[in-house]
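Fold and contact review
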Amino acid sequence: MSLTKKDKKVVTAFWAKIAGDADEIGSDTLSRMLTVYPQTKTYFAHWPDLSPGSAPVREHGKRVMGGVALAVANIDDIFGGLLALSERHASELRVDPANFKLLFHNFLVVLANKYPNDFTPDVHVAVDKFLAQVALALSEKYR
Amino acid sequence: MVQWTEFERNTIQDIFAKMDYEVVGPKALARCLVVYPWTQRYFAKFGNLYNAAAIMGNPLVAKHGVTVMNGLDKAVKNMDDIKGIYAELSVLHSEKLHVDPDNFRLLADCLSVVLAAQMGTAFTADVQAAFQKFLAVAVSSLCRQYH
C-alpha cells in the first residue's frame, strides 16, 4: 500500500495546515495512548510523571512530532529519511512495532478531534497510509 | 463477565444518549469503506462505491450505517451481558455474512475517529478509553460464535 503522488500531496498539504499545533498534537497523542493503552506505559517507567499533559509527556510528544515532520520532509524517501531513527529504535529503544499502530491510531483521533472539518475520509486514508510507511521505516532495521 | 467502572457505564450511556445514529452510523461506515477499501467486498450490491464522494453519498451505505448503530444500541442497553445479547448476531456475521472479524476492528476504529470529530473537547482521553473498551467488548462478542 505505497503512497501515490496524490497521497503525498494530501499529506504534505494537511501537515502544512497543522504543523503549527505540532507540540499540542504530540502531547495529546501520547497522553491518549498512555491512557487508552496502558501497556504502553511500560516503555516509560523511568519517567517521574506519566499523567496526561505532564512535562515528560509534553516533551516526548514534541520529539515524536519532530519524527513525523522529518518523515513528511522526506516523503519521497521515508525509509532513507528515517534511517537514523530506525537504527535507534532497533538497537536502543526496541519498541515492539505493534505499538506504532497504537500511537498512530491516537494521532488520527487527535487530528479528527482538532480538525473535524479538514480531516475528511480522503485525508484520513492518505495520512493512515503515510503513517503505515513511517511505522515500517521505523522497524526497518529491527532484524 | 466484563467489569465496568461507574465512570465507564455513565460515559457509554451518555455518549449514546447524545448520539444521532442517523449521522454517526453513515459517517463511520462510509469512512471505513474509504479508508479501508477492501471492506467494500461485503457491499458489492450497494451500487456506486467508486470514490469517496460516491461512498459518502450512497443511500444504501447510510442505511446500513444506521443498522450498525442500532446493533450497538443493543449492547449499550445490555452492558452486563453483551456476549449473550450478541450471540445471534455473531452467528449471523459468521455463518451467513461471512465477515472477516478483523473488519469489526476497522469499523470500530472509524467510529472512534468520527466520535472524536463530533465531540470536540468532550472527547477526553478517559472518555476515549471507555468508548474503545466498550467497542472492544462489542467486537469480541461479535467474534464469539465464529468457528
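Since we're looking at a predicted model, the values are computed, not measured. (Residues numbered from 1 in each chain as written. Chains lettered and ligands numbered in written order. Predicted model: local features only at pLDDT ≥ 70, side-chain atom pairs only at ≥ 80, totals over all residues. Heavy atoms only, no water.)

Structural notes on the overall build of chain A
Counting secondary structure elements, chain A contains seven helices and zero strands. Computed over its C-alpha atoms, the radius of gyration of chain A comes to 15 Å, within 12% of the 15 Å expected for a compact globule of 143 residues. Expressed along its principal axes, the backbone C-alpha trace of chain A runs to roughly 40 × 35 × 20 Å. Across the 143 residues of chain A, 48% fall into the buried class. Across chain A, contacts joining residues at least 24 apart in sequence account for 74% of those joining residues at least 6 apart. When the accessible area of chain A is evaluated, it comes to approximately 7,200 Å², of which 55% is carbon and sulfur surface. Placing the 17 positive and 16 negative side-chain charges of chain A at their respective mean positions leaves the two points 2 Å apart. (Helix = DSSP H or I, 4+ residues; strand = E, 2+ residues; numbered from the N terminus. Rg over C-alpha atoms; globule rule 2.2 N^0.38 Å. Buried < 20%, exposed > 50% of the residue type's maximum accessible area, 1.4 Å probe, protein only. Contact = heavy atoms within 4.5 Å. Areas by Shrake-Rupley, 256 points an atom, 1.4 Å probe, with all protein chains shown as cover. Lys, Arg positive; Asp, Glu negative; His and termini not counted. Charge placed at Lys NZ, Arg CZ, Asp CG, Glu CD.)

A closer look at the UniProt feature "domain: Globin" (unreviewed entry) in chain B
The UniProt entry lists residues 3–147 of chain B under the feature "domain: Globin" (unreviewed entry), expressed in the numbering used here. Taken as a whole, residues 3–147 of chain B contains 71% helix and 0% strand, while its terminal C-alpha atoms sit 26 Å from one another. (UniProt positions renumbered as here; feature names shortened; annotations may be inferred.)

Quick notes on the UniProt feature "domain: Globin" (unreviewed entry) in chain A
Mapped onto the present numbering, the UniProt feature "domain: Globin" (unreviewed entry) falls on residues 2–143 of chain A. With 69% helix and 0% strand, the stretch residues 2–143 of chain A has end C-alpha atoms that lie 21 Å from each other.

Here's the deal with the interface of chain A and chain B
Contact residues are listed per partner, giving 19 residues for chain A and 21 residues for chain B. Summing the contributions of chain A and of chain B, the shared interface buries around 1,700 Å²; its carbon and sulfur component is 62%. The interface formed by chain A and chain B holds zero salt bridges in total. Counting every contact that joins chain A to chain B gives 10 residue pairs in polar contact (both at pLDDT 80 or more). When residues of the side of chain A that touches chain B are traced back to their parent elements, those giving at least two are α2 (22–36), α6 (98–114) and α7 (121–138) of chain A. (Buried area = accessible area lost by both parts, 1.4 Å probe. Salt bridge = Lys/Arg side-chain N within 4 Å of Asp/Glu carboxyl O. Polar contact = N/O pair within 3.5 Å; in protein donor to acceptor, adjacent residues only side chain to side chain.)

Focus on the packing of helix α2 (residues 21–35) of chain B against helix α7 (residues 102–119) of chain B
Two measures define how a pair of helices packs: the angle their axes make with one another and the distance between the axes. Residues and elements named next belong to chain B. Interaxial distance between α2 and α7 falls to 8 Å at its minimum, and their mutual angle equals 125°. Our classification of the angle between α2 and α7 gives oblique. Our pair here, α2 against α7, has a crossing hand that is right-handed. On α7, the residues touching Val 23, Val 24, Lys 27, Ala 28, Leu 29, Arg 31 and Cys 32 of α2 are Leu 106, Leu 107, Cys 110, Leu 111, Val 113, Val 114 and Gln 118. Residue composition of the contact of α2 with α7, by class: 11 nonpolar, one polar and two charged. (Axes fitted to C-alpha atoms, helices over the stretch in contact; angles between N-to-C directions. Parallel < 35°, antiparallel > 145°, perpendicular 65-115°, else oblique. Left-handed = near helix turned anticlockwise from the far one by under 90°. Nonpolar A, V, L, I, M, F, W, Y, C, P; charged D, E, K, R; others polar.)

With respect to the side chain of Ser 31 of chain A
The residue Ser 31 of chain A is located in helix α2 in this model. Not counting residues within four places of it along the chain, the set of residues in contact with Ser 31 of chain A comprises Pro 52, Gly 53 and Val 57 of chain A together with Ala 125 of chain B.

Quick notes on the packing of aromatic side chains
Residues and elements named next belong to chain B. Within the structure shown, the criterion is met by 10 aromatic pairs over all chains. Arranged with centres 6.3 Å apart and planes meeting at 85°, the rings of Phe 16 and Tyr 21 form a pair that is edge-to-face. When sorted by exposure, Phe 16 lands in the same class as Tyr 21, which is buried. Among the aromatic residues, those joined into a ring-pair cluster are Trp 4, Phe 16, Tyr 21, Phe 131 and Phe 134. Against the face of Tyr 42 rests Arg 41, its NZ or CZ located 5.1 Å from the ring centre. (Phe/Tyr/Trp six-rings, centres within 6.5 Å; stacked < 30°, edge-to-face > 60°. Lys NZ or Arg CZ within 6 Å of the ring centre and 35° of its normal.)

Section: the packing of α7 of chain B against helix α8 (residues 125–143) of chain B
Residues and elements named next belong to chain B. Taken N-terminus to C-terminus, the directions of α7 and α8 make an angle of 155°; their axes are 10 Å apart at the nearest point. Between α7 and α8, the crossing angle belongs to the class labelled roughly antiparallel. As α7 packs across α8, the resulting crossing turns out to be right-handed. Of the residues in α8, those in contact with Phe 104, Arg 105, Ala 108, Leu 111, Ser 112, Leu 115 and Met 119 of α7 are Val 127, Phe 131, Gln 132, Leu 135, Val 139, Leu 142 and Cys 143. Split by residue class, the contact of α7 with α8 holds 11 nonpolar, two polar and one charged.

Describing unusual backbone geometry
For Arg 94 of chain A, which is not a glycine, the phi torsion comes out positive at approximately 50°. With respect to the helices and strands, the residue Arg 94 of chain A is situated in the loop between α5 (83–93) and α6. Unusually for a residue other than glycine, His 98 of chain B sits at a positive phi of about 50°. Looking at the element boundaries, His 98 of chain B is found in the loop between α6 (87–96) and α7. The exposure class of His 98 of chain B is exposed, given its relative accessible area of 54%.

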